[in-house]
Amino acid sequence: MPVRLRRTMEWAIEQLLRLCAVLSVATTIGIIYVLISQSVPFFAEAPIKEFLTGTKWTPLSASKSFGVLPLVMGTLWITFIAMVVALPAGLLIAIYLSEFASRRVRSTIKPALEILAGIPTVVYGYFALLTVTPLLQKVIPELNIFNALSAGLVMGVMILPMVASLSEDALYAAPQRLREASYALGATKLQMIFRTLIPAALSGIAASFILAAARAIGETMIVAIAAGMQPIIAWDPREAMQTMTAFIVRVSMGDVARGTLDYHSIFAVGLVLFLMTLGLNSLSLWLRERYERAYR
Amino acid sequence: MSAQPIKPTVDPSGDQDHQPSASPRRGRGREIAFEVIALGAVTAAMMVLVGLLVSVVLDGHNRLNAEFLTSFPSSMPHKAGLKPAFFGSLYLMLLTALFCFPVGVATAIYLEEYAKKGGLARLIELNIANLAGVPSIVYGLLGLAIFVRALNLERSLLSGALTLALLVLPIVIIASREALRAVPPYVRDASLALGASRWQTVWKQVLPIARPGIMTGTILALSRAIGETAPIITVGAVGYIRHLPKDIKDSFTAMPIQIYDWVSQRPEATGPDNVTFQQDAAAGIVILLAMLLAMNGVAIWLRNRAQKRLK
Amino acid sequence: MQPVPTPVPQDTEDPAGVPDADAGGQALRLRTEELSVFYADVQALKSVTVEIPAREITALIGPSGCGKSTFLRCFNRMNDVIPDARVQGKVLLGDRDVNGRGVDVVELRKRVGMVFQQPNPFPMSIFDNVAYGPKIHGVRGRQQLQEIVETSLKSAALWDEVKDELKKSAFDLSGGQQQRLCIARTLAVKPEVILMDEPCSALDPQSTSRIEDLMTDLKRHYTVIIVTHNMQQAARVSKMTGFFLMGDLVEFDTTEKVFTNPADERTEQYVSGRFG
């Protein structure tokens, strides 16, 4: 092949590869552009102040209120319940896997956790509505069919593998010399774990918690199926609530016409959702890089 | 053995062992208590997994028959079937692979084999890490505004596949990069020293070695894609479709959508033998999980085979 | 890598910009002029000027980190692969600077082959390993490839051992065989210069002596430059020897002179085993 042709081809291939790589950046720009441009018409009708501080969310009904707080509250409530399940259990499992389990036990539990993580969320939704809620109703008779509690508990199980696996990575990455130093000072195994290992791996563990919270906030199908569609500020987890994601699903299920307020409202809610998860993800990334650098 | 072993995938468990050789005696009681609690957490998680699987199989087993797989949805639960959803998911998966595989692998090649560290590469890396954490429904909104509306692809199979491709692209990229990074550097040096160009080196040496890792990552990404519900709801998959998609511009449904549709039906609606839509949903879940299991099996098989061959 | 292709001279007879060996069979002159290499801010090679004799074996010795491998990698521009590496000065193949504009690195590496420290066969069959080079340079015919593979394996003294199992994976060979395979692979692209970067350091004494015999054969057709940490090896095989220390070429002379009567005190200390 002539040199010039070969060089041109090499150059063209590199440009093509670069173009593909840049596409991922274009996706981010696309997301931001779409969320902002499509929610502008919404904010033309809904004052931003009301959007952020109003406590009533009825953008689709005749008497319109645009307070997004009920959706945010619903989201945070359910995320909170999920975290109450996932944090302690996830951390315990991580410590167990990293410090106690034999290689054989670990090689059984880790794939099982991966299966748990790989189950589609619609399946978890089914499980929450048709298995967990009826079970809970036996204990709590006044539990609504659609309720935050059941959705939150199942969501906790869903994000548990993420907490466990990322926290375990952080613990596992802690240098052996830390453990040895702690033992050499006469610490028991638990003292070593809680006074040396966990503090050392703290930023990695925190990163896993935050990432899991972001995941819970953005999770859609469990809440759309099991938590209900009531956009009211409720303090009782036995009641139905609506999250931001569930609202988007509910509006999308009908064939929303372009240019209507309904259509634009889901982008406005999507924008809030995106900003919240972006903030948490960035924080988690930053923490993660910090611990990776510390161990290098 | 003088040739360095080639590890196509990274062993997640590492090879150090943190078990101390001798546990101090003191505090042994508390330690056992802690271990019991931790084991309890593990067991609880496993119980949930088992409970979930048992409950869907119990609910769905009497709907698992050939008729269920070959029927269209119906307003009567005992007549409803999964056929359009099953094929919808299949087409969706193939189309998604068609988009995300070349772009994802190309991006990984660019980042690992071409880009200088820093600058653009750093920006792209950060961006991919962030994209991986964007909620799937936000991708749905992107697909709705760009593919469905702006590009006028309507609520079609194509819109759904493009949306899912963007969603799983970070997974493909991250897995492919890992596979490329596991290719020992000496392979590149040897090829370049023989006068191979950079692309020849990548195409003829690096990619074949990284292929099992890339395939495994792609299959896992696709199994994520076919389990996704929210993003394709927003781009307009619907639960009640009584035909198979004729082409990629046709409307479509998919298994998770169909399951969601059935779960949301009134539980009182029963057919003969007390068949409910909830049982249809459970049966659909069993099929969906079986498909995911099969895909994961293939991925694991590919990985093991590659490890064996390179030994 | 350059994002934009550098312009190629119009001269069609010399598309790569690398001059051919003189038609009369006279071998190519290989020299460096004030050659320096920097890795980021660290200077790994300090202004080396030297002429390497054609169709002879030249050995480069010195303690680790002295710059001898860096120097070797200048001849086929393998330093390009290392991020932050910067080359100053000239490396002349004939009378063309290999770093000059219009020199195609692919063409250069075709003519200046390299054998690495660790045997590094590709994860392919023996045949495909040797045929890889010719294939990427456009040789297509099955017959032709077979001939090249056979000749190259014969020249690398490996043919008799592998001729019945060319389809076997290269990883099934012993370390010494793998290294000879790598030499065969290099010969298959018909280079004029062969660079060897500690080619025997990973091998047992028997394999080492086979490779040394092979080198002696090779010098009839090729200019060979070998980096070695093994002074006996340098003394056994080479005509010329260069001694590097901390990036400087301290001494370059006939092997005999360097080992028996070095001009520099540091060389004397090194070859007599007092450091390094």
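Residues numbered from 1 in each chain as written. Chains lettered and ligands numbered in written order. Predicted model: local features only at pLDDT ≥ 70, side-chain atom pairs only at ≥ 80, totals over all residues. Heavy atoms only, no water.

Student: Honestly, the overall build of chain A in this entry has me stumped. Any pointers?
Tutor: From N to C terminus, chain A includes 12 helices and zero strands. Each helix and strand of chain A, placed in order from N terminus to C terminus, yields the pattern α-α-α-α-α-α-α-α-α-α-α-α. Based on the C-alpha atoms only, the size of chain A along its principal axes is roughly 80 × 70 × 35 Å. Burial statistics for chain A: of 296 residues in total, 56% are counted as buried. (Helix = DSSP H or I, 4+ residues; strand = E, 2+ residues; numbered from the N terminus. Buried < 20%, exposed > 50% of the residue type's maximum accessible area, 1.4 Å probe, protein only.)

Student: I would appreciate a short explanation of the overall build of chain C in the present structure.
Tutor: A count of helices and strands for chain C gives 10 helices and 10 strands. Taking all 276 residues of chain C together, 54% fall into the buried category. When the accessible surface of chain C is split by element, carbon and sulfur atoms take 46% of a total near 12200 Å². (Areas by Shrake-Rupley, 256 points an atom, 1.4 Å probe, with all protein chains shown as cover.)

Student: Just to check I follow, could you spell out the domain arrangement of chain A for this structure?
Tutor: Often the size quoted for an interface is simply the accessible area lost on bringing the parts together. Residue and element names in this part refer to chain A. Split into domains, chain A comes out as domain 1 (3-45) and domain 2 (72-295). Every contact between the two is made by 11 residues of domain 1 and, on the other side, nine residues of domain 2. Taken over both partners, the interface formed by domain 1 and domain 2 buries close to 920 Å², and the fraction arising from carbon and sulfur atoms is 83%. It is Leu35, Gln38 and Phe42 in domain 1 that bury the most area against domain 2; as a group they hold 56% of the surface buried on that side. Counting across the interface, domain 1 meets domain 2 through zero salt bridges. One can count one residue pair in polar contact (both at pLDDT 80 or more) joining domain 1 with domain 2. (Domains from an automatic or database assignment. Contact = heavy atoms within 4.5 Å. Buried area = accessible area lost by both parts, 1.4 Å probe. Salt bridge = Lys/Arg side-chain N within 4 Å of Asp/Glu carboxyl O. Polar contact = N/O pair within 3.5 Å; in protein donor to acceptor, adjacent residues only side chain to side chain.)

Student: Looking at this structure, I do not really get the interface of chain C and chain B. What am I missing?
Tutor: If you look at the interface, chain C gives 28 residues, while chain B gives 24 residues. The contact between chain C and chain B buries some 2200 Å² in all, and 62% of this surface belongs to carbon and sulfur atoms. Counting the contacts that link chain C with chain B gives three residue pairs in polar contact (both at pLDDT 80 or more). Those elements that provide at least two residues to the side of chain C that touches chain B are α2 (105-111), β6 (112-115), α3 (126-136) and α6 (175-187) of chain C. Within the side of chain C that touches chain B, the residues separate by chemical class into 16 nonpolar, eight polar and four charged. (Nonpolar A, V, L, I, M, F, W, Y, C, P; charged D, E, K, R; others polar.)

Student: How should the interface of chain A and chain B be read in this particular structure?
Tutor: With 85 residues of chain A in contact, the opposing surface of chain B contributes 78 residues. The junction of chain A with chain B conceals about 7400 Å² of combined surface from both sides, 72% of it contributed by carbon and sulfur atoms. When the buried surface of chain A facing chain B is broken down by residue, Leu17, Tyr126 and Tyr172 of chain A rank first, second and third, together holding 9% of it. Scanning the region where chain A abuts chain B turns up one salt bridge. Linking Glu289 of chain A and Arg122 of chain B is a salt bridge whose minimum nitrogen-to-oxygen distance equals 3.3 Å. The interface formed by chain A and chain B holds 10 residue pairs in polar contact (both at pLDDT 80 or more) in total. A per-element tally of the side of chain A that touches chain B places helix α1 (residues 3-45) of chain A first, with 17 residues. Taken together, the residues of the side of chain A that touches chain B break down into 54 nonpolar, 20 polar and 11 charged.

Student: Would you mind showing me how to read the confidence of the model for chain C here?
Tutor: Summing up the model confidence of chain C, the mean pLDDT is 86 and the portion of residues at 70 or higher is 89%. Counting interchain partners and residues more than four positions distant, the pLDDT-below-50 stretch residues 1-25 of chain C has 49 contacts. (pLDDT = per-residue confidence, 0-100.)

Student: When you look at the sheet that holds strand β7 (residues 193-197) of chain C in this model, what are you seeing that I'm missing?
Tutor: Within a sheet, adjacent strands bond to each other through the backbone by hydrogen bonds, running parallel or antiparallel. All names here are of chain C. If you trace the six strands from one edge of the open sheet to the other, you get β6-β7-β8-β3-β9-β10, paired in mixed fashion. For this open sheet the edge positions go to β6 and β10 (248-254), each flanked by a neighbour on one side alone. With direction set aside, neighbouring strand axes in the sheet form an average angle of 15 degrees. Of the pairings in the sheet, the one linking strand β9 (residues 240-245) to β10 comprises six bridges and is antiparallel in character. Looking across to β10, one finds that Phe243 is bridged to Glu251. (Pairing = 2+ DSSP bridges. Axes fitted to C-alpha atoms, helices over the stretch in contact; angles between N-to-C directions.)

Student: Just checking my understanding: could you explain the environment of Ala216 of chain A for this structure?
Tutor: On the secondary structure map, Ala216 of chain A appears in helix α9 (residues 202-218). Separated by 141 residues in sequence, Ala216 of chain A and Thr75 of chain A place their C-alpha atoms 8.5 Å apart.

Student: Got a minute to help me understand helix α3 (residues 83-114) of chain B in this structure?
Tutor: Note: α-helices contain 3.6 residues per turn, so residues at a spacing of three or four share the same orientation. Taking 1.5 Å of rise per residue, the 32 residues of α3 of chain B would be expected to cover 46 Å, and the 45 Å separating its terminal C-alpha atoms lies within 8% of that figure. Its maximal kink placed at Cys100 of chain B, α3 of chain B deviates by approximately 25 degrees, while the proline Pro102 of chain B follows within four residues. (Expected span 1.5 Å × (residues − 1). Bend = angle between axes of the 7 residues up to and from the residue.)

Student: When you look at the nonpolar core in this model, what are you seeing that I'm missing?
Tutor: A general trend in soluble globular proteins is that nonpolar side chains are found buried together. Among the nonpolar cores identified, the biggest contains 207 residues, and Ile31, Ile93, Leu113, Tyr124 and Phe267 of chain A together with Ile232 of chain B are the most heavily contacted of them. Here the element with the most residues in this core is helix α3 (residues 69-100) of chain A; it accounts for 17 residues. Sequence-distant contacts of Ile93 of chain A, defined by excluding residues within four places in its chain, comprise Leu113, Leu160 and Ala164 of chain A together with Ala41, Val42 and Ala45 of chain B. One finds Ile183, Val224, Ala234 and Val250 of chain C within the second-largest nonpolar core, a separate group that totals 45 residues. (Core = buried A, V, L, I, M, F, W, Y, C linked by side-chain atoms within 4.5 Å.)

Student: What is the right way to read the sheet that holds strand β5 (residues 96-97) of chain C from this model?
Tutor: Residues and elements named next belong to chain C. With antiparallel pairing, four strands are arranged side by side in an open sheet as β2-β1-β4-β5. The open sheet is flanked by β2 (42-52) and β5, the only strands paired with a single partner. Bridge analysis of strand β1 (residues 30-39) against strand β4 (residues 85-93) gives eight bridges, and the strand direction is antiparallel. Its bridge partner lying in β4, Val37 is registered against Val87.

Student: I tried to follow the pairing of β2 of chain C on my own but got confused; where do I start?
Tutor: Along a regular strand, successive side chains alternate from one face of the sheet to the other. Residue and element names in this part refer to chain C. Both β1 and β2 contribute to a ladder of seven bridges, which runs antiparallel. The residue bridging Arg31 from the neighbouring strand is Glu51, located in β2. In textbook terms, the turn of a hairpin is the stretch between consecutive antiparallel strands, and for β1 and β2 this stretch comprises two residues, one of which, Ala40, has a positive phi near 55 degrees.

Student: How should I be thinking about unusual backbone geometry in this particular structure?
Tutor: Generally, phi is negative for residues other than glycine and the peptide bonds are trans, each holding for most cases. Residue and element names in this part refer to chain C. Even without being a glycine, Glu34 presents a positive backbone phi close to 45 degrees. Tracing the sequence through the fold places Glu34 in strand β1. Even without being a glycine, Ala40 presents a positive backbone phi close to 55 degrees. Note on Ala40: relative accessible area 40%, which makes it partly exposed.

Student: I'm lost on the packing of aromatic side chains in this one. Help?
Tutor: Between two aromatic rings, the relevant description is the distance of the centres plus the angle of the planes. According to the stated counting rule, one finds 20 aromatic pairs over all chains in the structure shown. Ring centres 5.6 Å apart and planes at 85 degrees place the aromatic pair Phe86 of chain B and Phe87 of chain B in the edge-to-face group. Taking the relative accessible area as the measure of exposure, Phe86 of chain B reaches 26% and is therefore partly exposed. Exposure remark for Phe87 of chain B: the relative accessible area of 27% places this residue in the partly exposed category. An aromatic cluster is built from Phe42, Phe43, Phe51, Trp57, Phe66 and Phe247 of chain A, whose rings are joined through pairwise contacts. Lying across the ring of Phe127 of chain C, Lys167 of chain C places its NZ or CZ 4.8 Å from the centre. (Phe/Tyr/Trp six-rings, centres within 6.5 Å; stacked < 30°, edge-to-face > 60°. Lys NZ or Arg CZ within 6 Å of the ring centre and 35° of its normal.)

Student: Honestly, the pattern of salt bridges in this entry has me stumped. Any pointers?
Tutor: A pair can form between side chains of opposite charge whenever their charged atoms are brought close. The tally for this structure, following the rule as stated, stands at 32 salt bridges over all chains. Glu14 of chain A is the salt-bridge partner of Arg18 of chain A, the closest N and O atoms lying 3.9 Å from each other. Taken together, the positions of Arg18 of chain A and Glu14 of chain A, both in helix α1 and four residues apart, correspond to about one turn of that helix. Residue class for Arg18 of chain A comes out partly exposed when judged on its relative accessible area of 24%. Between Arg177 of chain B and Glu125 of chain B there is a salt bridge, with its nearest N and O atoms 2.9 Å apart. Remark: Glu125 of chain B occurs in helix α4 (residues 120-131) and Arg177 of chain B occurs in helix α6 (residues 157-181); sequence separation between them is 52 residues. Owing to a relative accessible area of 11%, Arg177 of chain B belongs among the buried residues under this scheme.

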